[in-house]
Amino acid sequence: MLAASAGLVALFLFTGVLDLWQSLVTLVVIALAALIGDARSGPVKLPQVDAAEQHREVDRAIGAVVGAFPDAVILLDAADRVLASNPAAREIAPALAVDQPVTLALRIPEVHQAVRQARAAGARQRAEFVTRVPIERWFELIVAPLPPSDVEPASHRGRLILVFHDMTPMRRVEEMRVDFVANASHELRTPLASLSGFIETLQGSARDDPAANARFLQIMKTQADRMARLIDDLLSLSRVELVEHVAPTEPLDLVSAVRQVVDGLQMLARDREVSVSFNLPAAPLTVLGDRDELIRVFENLIENAMKYGGSGKRLIISMSQDMTADGSPEAVASVRDFGPGIAPEHLPRLTERFYRVDMASSRAEGGTGLGLSLVKHIVNRHRGRLQIESELGKGATFTVRLPLVGAPAGAAKSPSG
Ligand code: ADP
């Protein structure tokens, strides 16, 4: 009966009919009813078992149920001593021990207040709290009294169940959202402030100064372009995020897409006096991809290499086939520059939105700080990987790896042989 009940409750839980704590309470109550029911039928089912042993059996069953839950769960007796807890609960309060007062192991005022209120009201209570050691974690706590049963001994009355739900991932996402809105507004406000400053100047002191007019209008154009780029990047980013779970299905040749990007960037290469050399395979590298998105990826990487690594005066663009660890063929495209490189502490954060190693040089280059974030999301959508390798003073290599189609598994060849 216990197994059937567990299955039933699991069904409710996973179909959303009951939430986690409701399921848990239901299961504990069913466990009590089943085992006490078995015990009451006395001579037929458990002839040699005395009442104390029956109650221990109930406690063991409840302990097993509590132990199986993914959220932290603690069961308390009427005197707030621990009857059962699971590993997730002992992670929050390592000193939790059966028969010991919960206050010894869990010194969180919000928890004790919720326990007191649940006892006073005889009803479910909800609380939130934060633990700061060893890392910051946010929890939602539900404290629910277990319904009393006539067949239980007095010692089994007044039990409370505490369910702790870890809200840290949700909080992090929410913080990221708030940061994102703050960053995006700040990034837009800066060129906007500059634009309105120049408009005022043009309306006032510079009204009759044609030379100043021309200079200010050029600056205003640069700022307006920057705002347009920022809005364009933000929209592209949200569009890609929206469809990130749907991999593109159109076959395309990555080599020709990269060639198209390099052709389009020849002016920039000339301006920066950067020579681009190629290391490309003779045969096409066919991937399933969205051409515009992949062009955007290589535009960002090659433009960055020219802008931030341009002092090295040369770039190498290499493409080849390789094998993933699990033996699937993949296309590998890398952009290598010989500029100042990137310090190791920045590497893991480069693909975060608005992250720049050097704000001033990004601004001077008209950067939005969104380029590599967009690259990462597009590569993710294509079920590929982005690798960034760099050493200060020795330049940087950005490598995109995408699943290859149309190549027999044995045909892929690693660049090193
Ligand atoms: P941005 O719009 O600022 O170019 P990106 O997301 O494209 O934004 O790049 C983030 C930051 O990474 C840049 O501001 C720059 O500091 C650094 N970066 C990117 N590519 C290179 C490179 N090839 N060499 C050195 N630094 C780079």
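Keep in mind it's a predicted model, so treat the numbers as computed, not measured.

Provide a residue-level description of the pattern of salt bridges, including the pertinent values.
Inspection of every chain in the model, using the stated rule, returns 27 salt bridges. One salt bridge connects Lys307 with Glu303, and the closest N-O pair in it is separated by 3.7 Å. A residue pair is termed a helical-turn pair when its members lie 3 or 4 positions apart in one helix, as Lys307 and Glu303 do in helix α11 (residues 291–308) at four residues. Close ionic contact of Asp322 with Arg401 constitutes a salt bridge, the shortest N to O distance being 3.4 Å. Of this pair, Asp322 sits in strand β9 (residues 314–323) while Arg401 sits in strand β12 (residues 396–403), placing them 79 residues apart in sequence. For the pair shown, Asp322 and Arg401 are each scored as buried. When salt bridges with common partners are traced through the structure, they connect Glu187, Arg226, Arg356 and Arg363 into a single cluster.

Explain the sheet that holds strand β10 (residues 329–337) to me, and be specific about the residues and the numbers.
Pairing in this open sheet of five strands is mixed, and the strands run β7-β9-β10-β12-β11 from one edge to the other. Single-partner strands in this sheet number two, and they are β7 (275–279) and β11 (385–390). Geometrically, the sheet is characterised by an average inter-axis angle of 15° between neighbouring strands, direction not taken into account. Where β9 meets β10, nine bridges bridge the pair, whose relative direction is antiparallel. Across the sheet, Leu315 pairs through a bridge with Asp337, a residue of β10. Contacts from helix α9 (residues 254–264) reach β7, β9, β10 and β12 within the one sheet, and its direction differs from that of β9 by about 170°.

Give me the lowdown on α9, citing residues and values where you can.
Of the positions making up α9, those classed as buried are Leu254, Val255, Ala257, Val258, Val261 and Val262. Each buried residue of α9 sits inside an arc of 165° when the element is viewed along its axis, so together they form one side. Across α9 from its buried face, at more than 90 degrees, point the exposed residues Asp263 and Gly264. Its side-chain oxygen placed 3.1 Å from the backbone nitrogen of Val255, Asp253 serves as the N-cap of α9.

Go over the packing of helix α8 (residues 210–243) against helix α13 (residues 371–381), please, and point to the residues and values.
Between α8 and α13, whose axes approach to 9 Å, the crossing angle comes to 20°. With respect to their mutual orientation, α8 and α13 come out roughly parallel. The crossing of α8 and α13 is left-handed. Facing Ser236, Leu237, Val240, Glu241 and Val243 of α8, the residues of α13 in contact are Ser373, Leu374, His377, Ile378 and Arg381.

Explain unusual backbone geometry to me, using residue names and the numbers behind them.
Of note, the phi angle at Asp99 is positive, near 75°, even though the residue is not glycine. Tracing the chain through its elements places Asp99 in the loop between α4 (87–92) and α5 (102–105). The class for Asp99 is partly exposed, based on a relative accessible area of 47%. Backbone geometry at Phe354 places phi at a positive 65°, although glycine is not the residue there. As for its position among the elements, Phe354 is in the loop between β10 and α12 (359–364).

Can you lay out the packing of helix α7 (residues 168–203) against α8 for me, pointing to particular residues and giving the numbers?
The N-to-C vectors of α7 and α8 enclose an angle of 160°; their axes lie 9 Å apart at closest approach. When the axis of α7 is compared with that of α8, the two are roughly antiparallel. For α7 against α8, the interelement crossing comes out left-handed. Note on element contacts: α8 touches α7 through Asn213, Phe216, Leu217, Ile219, Met220, Gln223, Ala224, Arg226, Met227, Leu230, Ile231 and Leu234, opposite Phe180, Ala184, Glu187, Leu188, Pro191, Leu192, Ser194, Leu195, Phe198, Ile199, Thr201 and Leu202.

Rules used throughout
Residues numbered from 1 in each chain as written. Predicted model: local features only at pLDDT ≥ 70, side-chain atom pairs only at ≥ 80, totals over all residues. Heavy atoms only, no water. Salt bridge = Lys/Arg side-chain N within 4 Å of Asp/Glu carboxyl O. Helix = DSSP H or I, 4+ residues; strand = E, 2+ residues; numbered from the N terminus. Buried < 20%, exposed > 50% of the residue type's maximum accessible area, 1.4 Å probe, protein only. Pairing = 2+ DSSP bridges. Axes fitted to C-alpha atoms, helices over the stretch in contact; angles between N-to-C directions. Contact = heavy atoms within 4.5 Å. Arc of directions from axis to C-beta. Polar contact = N/O pair within 3.5 Å; in protein donor to acceptor, adjacent residues only side chain to side chain. Parallel < 35°, antiparallel > 145°, perpendicular 65-115°, else oblique. Left-handed = near helix turned anticlockwise from the far one by under 90°.

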